[in-house]
Amino acid sequence: MREAREHGEGAAARRLGDPWRKLHDTGRGYLSVYFSDPLARWPVREITRPADNKSDPNIETGTYGLFSTCEPSMRNRIVHDGAATIFFLTTRKPHQGRVISGYYHVGWYTEGTQGAVNRDYALAADRMHFIDPIAVEDLAEPLAGICSAQFRTMKPIDAETVAALRSACDERPERTADYLGEVTRIETFARARSGYAYPSWGREAGFSWSDAHDYYQTDAELSRVPNSSKSRKWRCRECGYVIKSGALLKKCPLCKQMATLTPAEEGT
Ligand SMILES: [Zn+2]
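Computed from a prediction, not measured in an experiment: that's the story for all the values here.

J.: Can you help me understand unusual backbone geometry in this one?
T.: As a rule of thumb, non-glycine residues mostly have phi less than zero, and peptide bonds are mostly trans rather than cis. Omega for the bond connecting D56 with P57 falls within 30 degrees of zero, at 0 degrees, which places this linkage in the cis form. Of note, R119 is a non-glycine position whose phi angle comes to about 55 degrees, a positive value. Counting through the fold element by element, R119 comes out in the loop between strand 5 (97-111) and strand 6 (121-135). Note on R119: relative accessible area 34%, which makes it partly exposed. At R232, a position not held by glycine, the phi torsion is positive, near 55 degrees. Mapping R232 onto the fold places it in the loop between helix 4 (176-194) and strand 8 (233-236).

And the structure:
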């Protein structure tokens, strides 16, 4: 299969060089909530989310924010605060409620396509560990309270919480290979249905390190681009195409140019 993945060989198995820079770890971290795919046996990101196909957390490469524009402020804070550990939380319907599925220890960062001016940093893990999901209410206190508190997408956590959550995860067997297999299975399912693994991206294949070079920051003349569009419509300044998408995409689905989309006003 031509698009065979480098399974089990995310950033963790690589020493990333230019344009990646080493992240200094201060011990702090983040809880990050993501949508998981309702079709999946393991709680991988919601690849089939309608009009907003998810690419993060991108465990195939061990990256976050390289391919998507998700959570720019979290990525920015992680880089500036050395908050290197991201724990991933998601809601498993209908029975399990909020669970913790694993974590990244971020070892490297670089500017994304939208550049530092847009707080767009890509993160790469030097270690990741995904597990049999733990219902957050089953964690010991104070972790249960911290993880089940109301917050929408992300929350900074202190070094003590990071260490405690990390040992709770590290006690559990490594399931990352099962998660990776599930990403491939869901992409195959989506492709069979629509011809695309990521229809809202116009993307037939999954993601691998061979895609990364397109997503690095190369344009010194970048300006600020809003990360959301009220109309959920975006116009490409290269080809003029207007797309509908819940989130800003880094690559135009039609002409495949990078960092060309800006919010389109209603009625255009
Ligand atoms: Zn375009």
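J.: Looking at this model, I keep getting lost on the coordination of the zinc ion. Mind explaining?
T.: For a metal with four tetrahedral donors the ideal donor-metal-donor angle is 109.5 degrees, while six octahedral donors give ideal angles of 90 or 180 degrees. Distances from the zinc ion to its protein donors, C236 (SG), C239 (SG), C252 (SG) and C255 (SG), fall at 2.3 Å. Around the zinc ion, the 4 donor atoms sit at angles spanning 104 to 116 degrees, and that spread fits a shape best called tetrahedral. Here the donor residues of the zinc ion are spaced in sequence according to C-x2-C-x12-C-x2-C. Taken as a pair, C236 in strand 8 and C255 in the loop between strand 9 (242-244) and strand 10 (261-263) lie far apart in primary sequence, 19 residues in all. Residue C255 is classed as partly exposed on the basis of its relative accessible area of 26%.

J.: Looking at this model, I keep getting lost on the environment of S36. Mind explaining?
T.: Positionally, S36 belongs in the loop between strand 2 (29-33) and strand 3 (63-64). For the pair formed by S36 and Y121, sequence separation is 85 residues and the distance between their alpha carbons is 23 Å. Beyond its immediate stretch of four places on either side in the chain, S36 contacts P43, V44, R45, E46, T90, T91 and R92. Here the side chain of S36 touches T90 through a polar contact of 2.9 Å, side chain to side chain.

J.: Just to check I follow, could you spell out the nonpolar core for this structure?
T.: Soluble globular proteins tend to pack their nonpolar side chains together in the buried interior. Core analysis: the largest hydrophobic core is formed by 52 residues, its most contacted members being W20 and Y104. Those elements giving two or more residues to this core turn out to be helix 1 (72-81), strand 4 (85-92), strand 5, strand 6, helix 4 and strand 8. Considering each element in turn, this core owes the most residues, 7 residues, to strand 6. Residues from two domains meet in this core; each of domain 1 (11-193) and domain 2 (225-268) gives at least three.

Parameters at a glance
Residues numbered from 1 in each chain as written. Predicted model: local features only at pLDDT ≥ 70, side-chain atom pairs only at ≥ 80, totals over all residues. Heavy atoms only, no water. Helix = DSSP H or I, 4+ residues; strand = E, 2+ residues; numbered from the N terminus. Buried < 20%, exposed > 50% of the residue type's maximum accessible area, 1.4 Å probe, protein only. Donors = N, O, S within 2.8 Å, 3.2 Å for Na, K, Ca; no water. Tetrahedral: all angles 85-135°; square planar, octahedral: opposite > 155°, others 65-115°. Contact = heavy atoms within 4.5 Å. Polar contact = N/O pair within 3.5 Å; in protein donor to acceptor, adjacent residues only side chain to side chain. Core = buried A, V, L, I, M, F, W, Y, C linked by side-chain atoms within 4.5 Å. Domains from an automatic or database assignment.

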